[in-house]
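# Overview (structure and organization)
Listed below, chain by chain, are the residues.
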Amino acid sequence: MKLTFLGTGAAEGIPSPFCDCPTCEYARAHGGRNIRKRQSVLLNNDLLIDLGPDIFASCAQLSLSLCEVNQLLVTHSHSDHFEPTNLMLRAKAYRLSTELPEMTVVAGPSVWALWDASGGSDQQAGIKRRPILPNRAVQVGGYSVRSLEAAHHSSIGDAMNYVIDDGTATLLYASDSGLYSDETWQQLEGLQLDAVVLEGTIWSRPPGKEHLNEDDFRSMLERMREIGAVTERTVVIATHFSHQGSAPHEEQDERVRKLGGICAYDGLTVAF
Ligand SMILES: [Zn+2]
Ligand SMILES: [Zn+2]
Ligand SMILES: [Zn+2]
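So, here is what we can say about the structure in this document. (Residues numbered from 1 in each chain as written. Chains lettered and ligands numbered in written order. Predicted model: local features only at pLDDT ≥ 70, side-chain atom pairs only at ≥ 80, totals over all residues. Heavy atoms only, no water.)

Turning to the sheet that holds strand S11 (residues 195-199), a few remarks are in order. Consider a sheet: its strands pair through backbone hydrogen bonds, and that pairing is either parallel or antiparallel. Pairing is mixed across the open sheet formed by seven strands, whose spatial order is S7-S8-S9-S10-S11-S12-S13. The strands lining the two open edges of the sheet, one partner per strand, are strand S7 (137-140) and strand S13 (262-263). As paired strands, strand S8 (residues 143-149) and strand S9 (residues 160-165) are joined by six bridges and run antiparallel to one another. When the bridges of S9 are listed, Val145 appears paired with Ile164. (Pairing = 2+ DSSP bridges. Helix = DSSP H or I, 4+ residues; strand = E, 2+ residues; numbered from the N terminus.)

Following this line, the structure appears as C-alpha cells:
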C-alpha cells in the first residue's frame, strides 16, 4: 500500500492568508515543508481520501493526475475535507479528450446534503453514491473499508474515520478523529494495523473537543498499542496541523518522533 499526502494542513492551511502568527510567518519565510495545504491523501493510485479545496494546487505541484481514481472516501463535510466544486470538475465539459472511470463515492449523509445543496449532478460528475454511516463495512473496488465514528463535528454526527484494507496492508485513517468513544474502541479490537494516519491538529494547545493535542495523540497511540492494533512495525504518521497549534515542520517532526511517529508534509509518500 502506498500513501501520497496531497495536503497536511487543517482548515485554514499554513500559512493562513489572514494570520501573522510565528508559524505562519516562518512558513512564508522558509516555504518548503512548512507550507501545508488542506488535507487529502491518495492511496495507491486509485483511491482518494477527502476532496478538499486545494486539490488543484496539490496535483499541479506534485505533477499528479487523479484520472485513475475510481474510489473516493469522504470523512466529513467540513470545507477542508469536501469541496463540491472539485467533484464537478470531473464533468465531461472540463475534460473533452479524456475518459474517466466511474467513481464510487463513500460518504455520510451530511456530505451528500452538501453535494445536493451545491447543485452537483451525480451523472455529470460520473459518480456512484455509496452512502455510509459510522460503524459499517463496505467493499469498494479491491478495498475493504470500515467506517468508525469520529469524536468530531458532533453537532452533525456523521464524521468518520476509515479502516482500509487493500489485501496487502491495513490502514487506519484517523483525521479528524477527536478522542474516540468506548464504542469506537470496541470497533478497533482485534485489528492489526500496518499504518495509522492520526491527526495532530492542536498539538501544542490545551485539550479541545474536536481535535487532538499532543497528550491526546499520545494517549490514542498508547491505547492502540494496548489493544495490539499498533505494534513496533506499525507506521505512525501525524498530519492535519493547524498553524495555531503546530511548529515549523522540522521542529514538529522532532516532537512527533518522540512519540514513535513521523510528521507528514505535503508530497510525502510512504509505502508499507
Ligand atoms: Zn479538518
Ligand atoms: Zn497563523
Ligand atoms: Zn473537521
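That covers the picture; the talk isn't over yet.
The zinc ion (ligand 3) binds to the protein through His76 (NE2), His78 (ND1), His152 (NE2) and Asp176 (OD), with metal-donor distances spanning 2.1 to 2.4 Å. With four donor atoms in place around the zinc ion (ligand 3) and angles of 89 to 169° between them, the coordination shape is irregular. The sequence pattern formed by the donor residues of the zinc ion (ligand 3) is H-x1-H-x73-H-x23-D. Here the zinc ion (ligand 1) and the zinc ion (ligand 3) are spaced 3.4 Å from one another, each receiving a donor from Asp176. Of this pair, His76 sits in the loop between strand S4 (71-73) and helix H3 (84-88) while Asp176 sits in the loop between strand S10 (170-174) and helix H6 (182-188), and the two are 100 residues apart along the sequence. This pair shows no difference in class: His76 is buried, exactly as Asp176 is. (Donors = N, O, S within 2.8 Å, 3.2 Å for Na, K, Ca; no water. Tetrahedral: all angles 85-135°; square planar, octahedral: opposite > 155°, others 65-115°. Buried < 20%, exposed > 50% of the residue type's maximum accessible area, 1.4 Å probe, protein only.)

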